[in-house]
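Here's the letter readout for the chains.
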Amino acid sequence: MDRHINFFELEKAAAKPGCPLCRIISDRAERYLDNLLFEHVSDRAFRAAYRAAGGFCAYHSRHLESFRDGLAVAILGRDILEDRLKSFAAGKFRKPRAPCPVCLEQDRIEKEYLSFLAGSGGDGQDEADLRAAFTASDGLCAPHYERLLRTARTVPRWIIRFQEGRFQELLARTERFIELSAYGRQEEFSRLAEKDKIVWKELAVVLRGTAH
């Protein structure tokens, strides 16, 4: 394992709350959107891919109104509205011929970083430093951990122990929350740690992730 951008981005993301990979993907997707709008709006290949996708997906489209380059948003939006008007006139439903360009980029980033994590099972200093940073984090969300298990040939044992230990702990805290939410157990509930009183919020984020 080399200390290149993947190492440093994972180390930095691991120091913040939530799934480190979700944070990296969200940050990189936002930068990618900025670059698309500022640099690639005149790129014919990108315009064609954007049009074939019917624009960005609903999730990424919601970011468009906050971008500074209104002209780029207008140019791209005109293409999509023209296509929609044609489909309305023809009485046909819109059928995107390609996926959202930002979703494609997010998928590429996920594969890149999951592959990097899968290669962290060695006994070098870089691997040790990454393990120390990662095991001090909140760990991967359930969707990203599942994708790691599905796509990696082998998953380092340290990741499996850490991740599944975190999920087991969350399950136990959730069961305790449910148990003490029963009528007549208010006094016991009040003695829970503050984070355990709202463990359902943590559960919801872990099950879904924050990258989408």
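In what follows, the structure referred to is the one given above.
Rules of the game
Residues numbered from 1 in each chain as written. Predicted model: local features only at pLDDT ≥ 70, side-chain atom pairs only at ≥ 80, totals over all residues. Heavy atoms only, no water. Helix = DSSP H or I, 4+ residues; strand = E, 2+ residues; numbered from the N terminus. Rg over C-alpha atoms; globule rule 2.2 N^0.38 Å. Buried < 20%, exposed > 50% of the residue type's maximum accessible area, 1.4 Å probe, protein only. Contact = heavy atoms within 4.5 Å. Areas by Shrake-Rupley, 256 points an atom, 1.4 Å probe, with all protein chains shown as cover. Lys, Arg positive; Asp, Glu negative; His and termini not counted. Charge placed at Lys NZ, Arg CZ, Asp CG, Glu CD. Salt bridge = Lys/Arg side-chain N within 4 Å of Asp/Glu carboxyl O. Phe/Tyr/Trp six-rings, centres within 6.5 Å; stacked < 30°, edge-to-face > 60°.

J.: Could you clarify how one ought to interpret the overall build of the protein in this entry?
T.: Across its full length, the protein holds 12 helices and zero strands. Put simply, the protein runs from its N terminus to its C terminus through helices and strands in the order α-α-α-α-α-α-α-α-α-α-α-α. Compactness check: the protein gives a C-alpha radius of gyration of 22 Å against a globular reference of 17 Å for 212 residues, more than 25% above the reference. With respect to the principal axes defined by its C-alpha atoms, the protein has extents near 60 × 50 × 30 Å. The buried share of the protein, reckoned over its 212 residues, is 38%. The contacts of the protein with a sequence gap of at least 6 include a subset with a gap of at least 24, amounting to 75%. Entry remark: accessible area of the protein is about 12,800 Å², with carbon and sulfur atoms responsible for 55%. Positive and negative side-chain charges in the protein, numbering 35 and 32 respectively, have mean positions lying 6 Å apart.

J.: Looking at this structure, how should I read the pattern of salt bridges?
T.: Opposite charge on two side chains permits pairing when their charged atoms draw close. Counted under the stated rule, the structure contains 20 salt bridges. Its salt-bridge partner being Glu 112, residue Arg 108 comes within 2.9 Å of it at the nearest N-O pair. Here Arg 108 and its partner Glu 112 are both found in helix H6 (residues 101–118), four residues apart, which amounts to about one turn of the helix. For Arg 108, a relative accessible area of 39% gives the class partly exposed. Overall, Glu 112 belongs to the partly exposed group, its relative accessible area being 25%.

J.: Which parts of the structure should I look at to understand the packing of aromatic side chains?
T.: Where two aromatic rings form a pair, the distance of their centres and the angle of their planes describe that pair. Evaluated as defined, the whole model comprises seven aromatic pairs. Residues Phe 7 and Phe 8 carry aromatic rings whose centres are separated by 5.4 Å and whose planes lie at 80° to one another, so their mutual orientation is edge-to-face. Phe 7 gets classed as buried once you look at its relative accessible area, which sits at 0%. What links up through ring pairs into an aromatic cluster is the set Phe 46, Tyr 50 and Phe 56.

J.: Help me out: how do you make sense of the environment of Phe 134 in this one?
T.: Position of Phe 134 relative to the elements: it lies in helix H7 (residues 125–135). We classify Phe 134 as buried; its relative accessible area is 1%. When residues no more than four places from it in sequence are discounted, the contact partners of Phe 134 are Ala 14, Pro 20, Leu 117, Gly 139, Leu 140, Trp 158, Phe 162 and Gln 163.

J.: Would you mind going over helix H1 (residues 5–14) with me for this structure?
T.: Looking at H1, one finds that the buried residues are Asn 6, Phe 7, Glu 9, Leu 10, Ala 13 and Ala 14. Against helix H2 (20–39), H6 and H7 lie the buried residues of H1.

Worth remembering: the numbers are spatial, not functional.
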